[in-house]
Amino acid sequence: MDRSFMEHYFEMAYEDLHGDLLKENEDFKAAQDTLRESFKQVLGSNPADLKHPMWQLHEKITNELYMVEYLLMKYAYLKGAEDRDRMLK
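All values reported here derive from a predicted model rather than from experimental measurement. (Residues numbered from 1 in each chain as written. Predicted model: local features only at pLDDT ≥ 70, side-chain atom pairs only at ≥ 80, totals over all residues. Heavy atoms only, no water.)

(A) How the structure looks around helix α3 (residues 26-45). Helix length check: α3, at 20 residues, gives a terminal C-alpha distance of 29 Å against a target of 28 Å (1.5 Å per residue), a fit within 8%. Inspection of α3 places F28, Q32 and F39 among the buried residues, and these make up the whole buried set. The buried side chains of α3 occupy one side of the element, clustering within an arc of 30° when seen end-on. Across from the buried face of α3, at angles greater than 90 degrees, the exposed residues are E26, D27, T34, Q41, G44 and S45. Near the N-terminus of α3, the side chain that reaches the backbone nitrogen of D27, with its oxygen 3.0 Å away, is that of N25. (Helix = DSSP H or I, 4+ residues; strand = E, 2+ residues; numbered from the N terminus. Expected span 1.5 Å × (residues − 1). Buried < 20%, exposed > 50% of the residue type's maximum accessible area, 1.4 Å probe, protein only. Arc of directions from axis to C-beta. Polar contact = N/O pair within 3.5 Å; in protein donor to acceptor, adjacent residues only side chain to side chain.)

This is how it looks when you write it as C-alpha cells:
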C-alpha cells in the first residue's frame, strides 16, 4: 500500500468528516449531542469576558478535541487500507 497516496486521498476525499462519514451513524449523533450539551453547560458557566482564561482553555480543549477526532478517523482509514492490502495478498 502506498501510505502517502492513501493519506493524500483521505484528505482530498473526506473534507467534511462529520458529513461524509458519520451523518447516518446514530451512535455518533448521540455522542455529538451529549458533547454539545456538555459544552453548552460549560459555556454557560464561563465569565462574560471573552479574554478570561476559562474561555481560552475552552477554545484550546475544543480545538484539541477536533484534532484528536480527525486523527483517529484518518488513522482508522489508513489502518483499514493496510488491512485490505494484507488480505488481498
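(B) Spotlight on the side chain of H58. Looking at the element boundaries, H58 is found in helix α4 (residues 53-88). Judged by relative accessible area, which is 14%, H58 ranks as buried. Dropping the residues within four chain positions of it, H58 is found in contact with F39, V42, L43 and N46. (Contact = heavy atoms within 4.5 Å.)

(C) Here's a closer look at the environment of E11. With respect to the helices, strands and loops of the structure, E11 is situated in helix α1 (residues 3-13). Residues E11 and Q56, spaced 45 residues apart in sequence, show a C-alpha to C-alpha distance of 28 Å.

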